[in-house]
Amino acid sequence: DRDRLAGLDAMVRERTAALHSSEERFVKAFHANPVAVTLQTAAEGRYLDANDAFLRLAGHERTAVLQHTAAGLSLWPETDVWRESLRSVAAGTPLRAFRATLRTGTATTREVLVSVAPVEVDGQPCLLSSLEDITDRLQLEVQLRQAQKMEAVGQLAAGIAHDFNNLLTVIQSYTGIAISDRAVPAEHLA
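Counting starts from 1 at the beginning of each chain's written sequence and moves along it residue by residue. Side-chain atom pairs in this predicted model are given and counted only at pLDDT of 80 or more, local residue features only at pLDDT of at least 70, and totals for whole chains, interfaces and linings cover all residues. Hydrogens are left out, water is left out, and the side-chain values use all remaining heavy atoms of the structure.

1. A few points about the overall build of the chain
- Here a strand is any run of E in DSSP of at least two residues, a helix any run of H or I of at least four, and the numbering for each starts at the N terminus. Along its length, the chain carries 7 helices and 5 strands.
- Relative to a compact globule of 190 residues, whose C-alpha radius of gyration would be 16 Å, the chain shows 35 Å and is clearly more extended.
- Its C-alpha atoms give the chain principal-axis dimensions of roughly 140 × 40 × 30 Å.
- Counting all 190 residues of the chain, 25% fall into the buried class.
- Pairs of residues are marked as contacts when any of their non-hydrogen atoms sit within 4.5 Å. Look at the contacts in the chain between residues 6 or more apart in sequence, and 38% of them connect residues 24 or more apart.
- Carbon and sulfur atoms make up 58% of the accessible area of the chain, which amounts to about 13,300 Å² in all.
- The chain carries 19 positive and 24 negative side-chain charges, and their two centres are separated by 4 Å. Just to be clear, the radius of gyration here is over C-alpha atoms, and the globule rule we use is 2.2 Å times residues to the power 0.38. For every residue, the accessible area obtained with a 1.4 Å probe (protein chains only) is divided by the maximum for its type, and the residue is called buried under 20%, exposed over 50%, and partly exposed between those limits. What sets the accessible areas is the Shrake-Rupley method with a 1.4 Å probe; for residues, cover comes only from the shown protein chains. We score Asp and Glu as negative and Lys and Arg as positive, and we do not count His or the chain ends. Where a charge lies is defined by one atom per residue type: Lys uses NZ, Arg uses CZ, Asp uses CG and Glu uses CD.

Structure representation (structure tokens):
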């Protein structure tokens, strides 16, 4: 009986060590992730954790974010991302690449794609969110479209100039013929 108890005790210690190791790997991956990631309670939306990438993107200090809600931080000026997240998760479909505008702590805005998945932490339902900043990409797309428009206008102008040049060549030819016909004396024409 004593051997069995010792075996169970060893198994508990082994599983506890494995659990701590797993938790440590998750925490390291969470905080080292270059993508902005947060963990919020599902009930209230209070931030339990946020990685450095999120803090940089949102422009807030960790102490200003933890235990506060997105609404309390005024992060979403145009849409209610929290409500959309809950609706999506309740429907059984994690929110994926939901486009929203994020207001930073410096009052600037960034365009982001928000993805949210339900997770459980210490028996508590939570939401794991990731935000991809697409502001620079959108600005480049606008610049590309503008450059394409300018190229099209340039090609149109070149085509019009070519056609106009062809008309001028015909006019010049007929004018040249008309001038040369007037320059010839009448006795030479007969």
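Next comes the rest of the account.
2. A short note on the packing of aromatic side chains
- Here a Phe, Tyr or Trp ring, Trp counted by its six-membered ring, pairs with any other such ring whose centre lies within 6.5 Å, and the pair is stacked when the planes are under 30 degrees apart, edge-to-face when over 60, and tilted otherwise. Tallying each qualifying case throughout the model produces 2 aromatic pairs.
- Between phenylalanine 26 and phenylalanine 30, the ring centres sit 5.8 Å apart and the planes meet at 40°, which makes this aromatic pair tilted. With phenylalanine 26 and phenylalanine 30 both in helix H1 (residues 2-32) and 4 residues apart, the pair spans about one turn of that helix.

3. What to know about the nonpolar core
- Side-chain atoms within 4.5 Å link the members of a nonpolar core, which is a set of buried Ala, Val, Leu, Ile, Met, Phe, Trp, Tyr and Cys residues. Judged by nonpolar contacts, the single largest core of 24 residues is most densely connected at Phe54, Leu75, Trp76, Val114 and Leu131.
- Elements represented by at least two residues in this core include exactly strand E2 (47-50), helix H2 (52-58), helix H4 (70-73), helix H5 (81-90), strand E3 (95-103), strand E4 (109-121) and strand E5 (124-133).
- Looking at this core, the element that brings in the most residues is H2, giving 5 residues.
- Not counting residues within four places of it along the chain, the set of residues in contact with valine 114 comprises Trp76, Val81, Leu95, Arg96, Ala97, Phe98, Ala100, Ser130 and Leu131.

4. Here's the deal with empty space enclosed by the protein
- Any residue with an atom within 4 Å of a point lines the site, the site being either a cavity, points on a 1 Å grid over the protein atoms alone where a 1.4 Å probe fits but cannot get out, or a pocket, an open set with protein on both sides within 12 Å along at least 5 of 7 lines. Grid points are joined across faces, edges and corners, and a volume is the space filled by probe spheres set on the points. The full count for this structure, using the stated rule, is 1 cavity of 30 Å³ or more.
- Estimates place the volume of the largest cavity at around 100 Å³.
- Per element, the largest residue contribution to the lining of the largest cavity is 3 residues, and it comes from H5.
- Along the lines of polarity and charge, the residues of the lining of the largest cavity split into 9 nonpolar, 4 polar and no charged. As a working rule, the residues Ala, Val, Leu, Ile, Met, Phe, Trp, Tyr, Cys and Pro are called nonpolar, Asp, Glu, Lys and Arg charged, and the rest polar, with Gly in that last group.

5. Side note on the layout of surface pockets
- Of the pockets and cavities examined, the largest pocket occupies roughly 400 Å³.
- Lining the largest pocket are 14 residues, with Glu23, Phe26, Val27, Leu39 and Val121 positioned closest to its centre.
- Counting residues per element, the ones that place at least two in the lining of the largest pocket are H1, E2 and E4.
- Each residue belonging to the lining of the largest pocket can be placed in one class, and the counts come to 9 nonpolar, 1 polar and 4 charged.

6. Looking at the pairing of strand E1 (residues 36-41)
- Here E1 lies mainly inside the structure; 6 of its 6 residues are buried.
- What you see with E1 is no split at all: Ala36, Thr38 and Gln40 on one side and Val37, Leu39 and Thr41 on the other are buried throughout.
- One requirement defines pairing of two strands: DSSP has to find at least two bridges between them. The pairing of E1 with E5 spans 6 bridges and is classified as antiparallel. If you follow leucine 39 over to E5, its bridge partner there is leucine 128.
- Remark: 5 residues form the turn of the hairpin made by E1 and E2, two consecutive strands paired antiparallel; glycine 45 in that turn has positive phi of roughly 80°.

7. With respect to the sheet that holds E5
- Here we have 5 strands laid out as an open sheet, ordered E2-E1-E5-E4-E3, and antiparallel in their pairing. Two strands in the sheet have a free side with no partner beyond their single neighbour: E2 and E3. The sheet shows a mean angle of 30° between the axes of neighbouring strands, direction not considered.
- One ladder, built from 3 bridges, connects E1 with E2; its direction is antiparallel. Bridging across to E2, leucine 39 finds its partner in aspartate 49.
- Axis definition: a line fitted to C-alpha atoms, limited for helices to the stretch in contact. Angles are taken between N-to-C directions and run from 0 to 180 degrees. In the packing of H1 onto the sheet, the strands contacted are E1, E2 and E5, and the crossing angle to E2 comes to about 70°.

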